[in-house]
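Residues per chain, in single letters:
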Amino acid sequence: MQNLVVLGSTGSIGKNTLDVVSRTDEFNVVGLSCKSNIDELSRQIERFKPKYVCIEDKKSAAIVRERFKEIVVLENEEGLIELVSFDDVDFVVNAIVGSAGLLPTYYTLKNRKRLALANKESLVVAGKILSEVAEKNNIEIVPIDSEHSAIYQCLEGKNKKEIEKLILTASGGPFLDKDFASATVEDALKHPNWDMGKKITIDSATMMNKGFEIIEARWLFDTKNIEVVIHPESIMHSAVEFVDGSIIAQMADKDMRIPIAYALFKPRRINLPFKISLTDIAKLTFRKPDFSRFPTLGFAFEALRKEDKNLGLILNVADEIAVEAFLSEKIKFVDIFKILELSLIRFEDKLPDEIDSIAEMLNNIKAEIDNLIRDEFWRS
C-alpha cells in the first residue's frame, strides 16, 4: 500500500482523485491540502483519516486544528513543502491551481516522491528546472491532464525519436462559434463538455489553458513539434503522429477519473464505468484553431521560441490576475487578451535558473502586473 498525499483535495481534480482512490485498497491517504474550503476538507478528513493536512488560510487552519486535534495541521506554502517532504509519503498528486503549485512540485521531485501532476503551471513557469530535477532523481512526472495523459499513453513503449509531432486537441470552449465581445462571466463559465473549476473554465474560454498545455507538453515530452487541433466532441483527447505518417490517438469519455486512474495505477488499468460507444458518437470533427480570435495560442508558441526568457511565467501570473479580475467583474472578457499581451511586452526578462529566484520573480511580477491592471483596466 502506498501513502498518498493529494494537494488541492477540495477542488475538482482532488475530489475525483479521492473518488478513484476509494475504489481500491491500494492507497492510504496520509495527507490533504486546500486553500480555504474547510467544510469539504472536514468531510474528507472524516472519510480518509489523514495524518496531515495543509491549509493556506490561517484562520481556516486554526478552525481545523481545533476541530481535529489528532491531526497535524500545516499552513501556507511552507506547510505544503513540509507535507510533500515527510518520510512516510510515497506518492503526491498535485492538483493545486495556479503558480502556488510550483514549489510543492519541485520539492516532491527533490525528495524523490512519485508525482502525478495536474498543476500545469509548474511546468509552464519552471519546466527546464523541474525536468532536470526529475531526471537527476530518476522520478517520472506523470501527467493528469486528459490531453497529456492521452499523449503519454500513445507514447508508451514507443521510440520517442520516431515522433513527428504531438497533436493536442481542444474543445474550443464556449466561444468556438460565438462572439465574445460582450461576454459575461456566466457566458464564459458555460463550458460545453467539461465540468471544471472557474479558473480553468475561463482559461478554456480564452484558450489560454491550451496555451499552457502547449508549454507543458514541450517539457513533458521533450519536443517543440506541437500542433493544436479543435475537436468539439472532446472524445479524442490527443494524439501523436509518427515519422511514417501513422497517427495513434487515445479516446475516452469526458471524465477526468479516467486519466487520474491511469496516472495512479499505470501501467495497469482499473475497471471504471465510464464507457463510450463509437456508434452512438457517430462522427468526430476537427478544424484548425483561429489564432486571430484566440491569440493566447500564439503567446504560448512565442514562449517556446524564447525558452531562455520568462514568457511562460509572465503568461501564468498575468492570466491568474486577469481571470480573477474578470470573475470579479472588474474587467471585460476581451481585456484578458489585452492584459496578457501588454504584460508580455512590458515584463519580458531572462528566466532565472534557480527555483528560489523563479519564485521571487513570480512574486515581483505579480505585484507589477496587478498594479498595471489597476491603473489601465479596472473600471471604477
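None of these values were measured; they are calculated from a predicted model. (Residues numbered from 1 in each chain as written. Predicted model: local features only at pLDDT ≥ 70, side-chain atom pairs only at ≥ 80, totals over all residues. Heavy atoms only, no water.)

### Description of the overall build of the chain
Here comes step 1: Within the chain, the regular secondary structure consists of 16 helices and eleven strands.
Here comes step 2: Its C-alpha atoms give the chain a radius of gyration of 20 Å, near enough to 21 Å, the size a compact globule of 380 residues would have.
Here comes step 3: Taken over the C-alpha atoms alone, the chain extends approximately 55 × 55 × 40 Å along its principal axes.
Here comes step 4: Taken across its 380 residues, the chain has 58% of its residues classed as buried.
Here comes step 5: Of the contacts made within the chain by residues no fewer than 6 positions apart, 68% connect residues no fewer than 24 positions apart.
Here comes step 6: Split by element, the accessible area of the chain, about 17,200 Å² in all, is 46% carbon and sulfur.
Here comes step 7: Computing the positive centroid from 51 side-chain charges and the negative centroid from 62, the chain places the two 2 Å apart. (Helix = DSSP H or I, 4+ residues; strand = E, 2+ residues; numbered from the N terminus. Rg over C-alpha atoms; globule rule 2.2 N^0.38 Å. Buried < 20%, exposed > 50% of the residue type's maximum accessible area, 1.4 Å probe, protein only. Contact = heavy atoms within 4.5 Å. Areas by Shrake-Rupley, 256 points an atom, 1.4 Å probe, with all protein chains shown as cover. Lys, Arg positive; Asp, Glu negative; His and termini not counted. Charge placed at Lys NZ, Arg CZ, Asp CG, Glu CD.)

### Details of the pairing of strand β5 (residues 91–94)
Here comes step 1: Burial of the side chains of β5 extends over both faces: F91 and V93 are buried on one face and V92 and N94 on the other.
Here comes step 2: Of the strand pairs in this sheet, strand β1 (residues 2–7) and β5 are connected by four bridges, and their pairing is parallel. Within the sheet, the bridge partner assigned to V6 lies in β5 and is V93.
Here comes step 3: Looking at chain direction, β5 and strand β6 (residues 114–117) are connected through four bridges and run parallel. In the strand pairing of β6, V93 is matched with A116.
Here comes step 4: Taken together, β5, helix α5 (residues 102–110) and β6 form a β-α-β motif whose crossover is right-handed. (Pairing = 2+ DSSP bridges. Right-handed = clockwise from strand over helix to strand, strands pointing away.)

### A closer look at the packing of aromatic side chains
Here comes step 1: What the rule picks out here adds up to 13 aromatic pairs.
Here comes step 2: Here F27 and F91 contribute two aromatic rings whose centre-to-centre distance is 5.8 Å and whose plane-to-plane angle is 70°, an arrangement assigned as edge-to-face. Here F91 lies in strand β5 and F27 lies in strand β2 (residues 27–34), a separation of 64 residues in the sequence. Both residues of the pair, F27 and F91, belong to the buried class. (Phe/Tyr/Trp six-rings, centres within 6.5 Å; stacked < 30°, edge-to-face > 60°.)

### Considerations on a negative patch on the surface
Here comes step 1: There is a patch of like negative charges on the surface, built from D353, E354, D356 and E360.
Here comes step 2: Topologically, E360 is positioned in helix α16 (residues 355–376). (Patch = residues over 30% accessible without salt bridge, like charges linked within 9 Å, V, L, I, M, F, W, Y side chains within 5 Å. Salt bridge = Lys/Arg side-chain N within 4 Å of Asp/Glu carboxyl O.)

### Some thoughts on the pattern of salt bridges
Here comes step 1: Tallied over the full model, the rule gives 26 salt bridges.
Here comes step 2: Here E307 ties to K224 by a salt bridge, and the two come within 3.6 Å at their closest N and O atoms. A residue pair is termed long-range when its members are at least 10 positions apart, and E307 in the loop between α13 (296–305) and α14 (311–327) and K224 in the loop between α10 (208–221) and β9 (226–230) qualify at 83 residues.
Here comes step 3: Here E307 falls in the partly exposed class, since its relative accessible area comes to 25%.
Here comes step 4: Residue R374 is joined to D370 by a salt bridge in which the shortest nitrogen-to-oxygen separation is 3.2 Å. With R374 and D370 both in helix α16, this residue pair falls four residues apart, about one helical turn.
Here comes step 5: Here the salt bridges share partners, and the residues they tie into one network are D19, R23, D255 and R257.

### Some remarks on the side chain of H148
Here comes step 1: With respect to the element layout, H148 can be found in helix α7 (residues 146–155).
Here comes step 2: Among the polar contacts made by the side chain of H148, one reaches the side chain of E216 at a distance of 3.3 Å.
Here comes step 3: Sequence-distant contacts of H148, that is, excluding residues within four places in its chain, are made with P143, L168, E213, E216, A217, L220 and F221. (Polar contact = N/O pair within 3.5 Å; in protein donor to acceptor, adjacent residues only side chain to side chain.)

### Focus: the environment of D177
Here comes step 1: Position of D177 relative to the elements: it lies in the loop between β8 (163–170) and α8 (185–188).
Here comes step 2: Accessibility expressed as a relative area gives 60% for D177, which makes it exposed.
Here comes step 3: A polar side-chain atom of D177 sits 2.9 Å from a polar atom in the side chain of R287.

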